[in-house]
Amino acid sequence: MKLITRGALGWPASAAPAQATAGGVKVHYTGGDVPVSLLKNHAGCVALWKDFRKAHLANVAEGYSDIAYNYGACWHGYVLEGRGAGRRTGANGNQALNRYDYAVLGLVGKTGLTEPNDGLLHALRDAIEHLQEHGAGNRIGGHQDGYATLCPGGPLYSWVRKGAPRPTVWTPVVPKPGAGRPVVDLSKLISAALADPPRSGTPVSYEGVRVVEDALVEERLLARALADGHFGTATRAAYGLWQMRCGYKGEDADGLPGLASLTKLGKRRGFSVTP
Ligand SMILES: [Zn+2]
Ligand SMILES: [Zn+2]
């Protein structure tokens, strides 16, 4: 486990109530916007985690004694220490729920970065197993289990429902001899999608867009004539349809690519994905 301790964060020992055991662990997301730029900025993960503690300590209505979560998990595979093991969480919705289960937060957003990458899932799994070794039972749930909330959001909750498995190493389909397998860089693709209103005739900002558009054409989600190398309105709508086909709904199918849906598309249509 790659742990960033409270000491490394510059925090004192937790003032949260001691609690030696819990029935299991509940998984949470941020419920807010997590900017895509975080993928290339681990310092941003740490800053976001610190912001949560600041906001929780400033929350007079709840009267938190510390950041509400026991641990956090970031996009780069790090576990961020919160209250830690052996302390009661304040994040599960009410006092009874806080006694039943520990709480871990994935730095996943409601907008921006909405689909966890493998690094984040490894870190969540590390935090869960660490809590299990220190008094947590085997139950793994989402915040919405037993409490009226959207947390932890569609993509993360579907992972929880599968039993929160550790991601397996993905073995690509063997490419055809002589044919190079294209690699699509997710963060560059997202930048192109955010920056590219369709501007026909202007230079293409990222060549990987063409690879994804070809795949969407092959899936009959995008008209061939609209595959122009720009991740504009039509491409975004087509990608949203692909996300819906993958089972996402509402804001989770907004047409901004996420790692899970893009990897699925690549597996079917012959490209690899790097976060
Ligand atoms: Zn939550
Ligand atoms: Zn990070």
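What counts, and at which threshold
Residues numbered from 1 in each chain as written. Chains lettered and ligands numbered in written order. Predicted model: local features only at pLDDT ≥ 70, side-chain atom pairs only at ≥ 80, totals over all residues. Heavy atoms only, no water. Phe/Tyr/Trp six-rings, centres within 6.5 Å; stacked < 30°, edge-to-face > 60°. Helix = DSSP H or I, 4+ residues; strand = E, 2+ residues; numbered from the N terminus. Buried < 20%, exposed > 50% of the residue type's maximum accessible area, 1.4 Å probe, protein only. Donors = N, O, S within 2.8 Å, 3.2 Å for Na, K, Ca; no water. Tetrahedral: all angles 85-135°; square planar, octahedral: opposite > 155°, others 65-115°. Contact = heavy atoms within 4.5 Å.

(A) Representation of the packing of aromatic side chains within the structure. Counted by the stated rule, this structure contains four aromatic pairs. Judged by centre distance (6.1 Å) and plane angle (85°), the rings of F52 and Y69 are edge-to-face. Separated by 17 residues along the polypeptide, F52 in helix α2 (residues 42-58) and Y69 in the loop between α2 and β4 (71-73) bring together distant segments of the chain. The exposure class of F52 is buried, given its relative accessible area of 15%. By relative accessible area, which is 9% here, Y69 ends up buried. Ring centres 6.4 Å apart and planes at 50° place the aromatic pair F231 and Y239 in the tilted group. With relative accessibility at 1%, the residue F231 sits in the buried group.

(B) Region of interest: the coordination of the zinc ion (ligand 2). Here the zinc ion (ligand 2) is held by the protein donor atoms H42 (ND1), C45 (SG), C74 (SG) and H76 (ND1), which lie 2.1 to 2.5 Å from it. Each of the four donor atoms bound to the zinc ion (ligand 2) contributes to angles spanning 96 to 122°, and the resulting shape is tetrahedral. Positions of the donor residues of the zinc ion (ligand 2), expressed as sequence spacing, correspond to H-x2-C-x28-C-x1-H. Linking H42 in helix α2 with H76 in the loop between β4 and β5 (78-81), this pair joins segments that are 34 residues apart in sequence. According to the relative accessible area criterion, H42 is partly exposed, its value standing at 24%.

(C) Expanded view of the environment of W242. In this fold, W242 is placed in helix α8 (residues 233-245). Overall, the relative accessible area of 3% leaves W242 in the buried class. For the pair W242 and L265, spaced 23 residues apart in the sequence, the C-alpha separation amounts to 8.2 Å. Once residues within four sequence positions are removed from consideration, W242 is found in contact with L216, E219, L221, S261, K264, L265 and R268.

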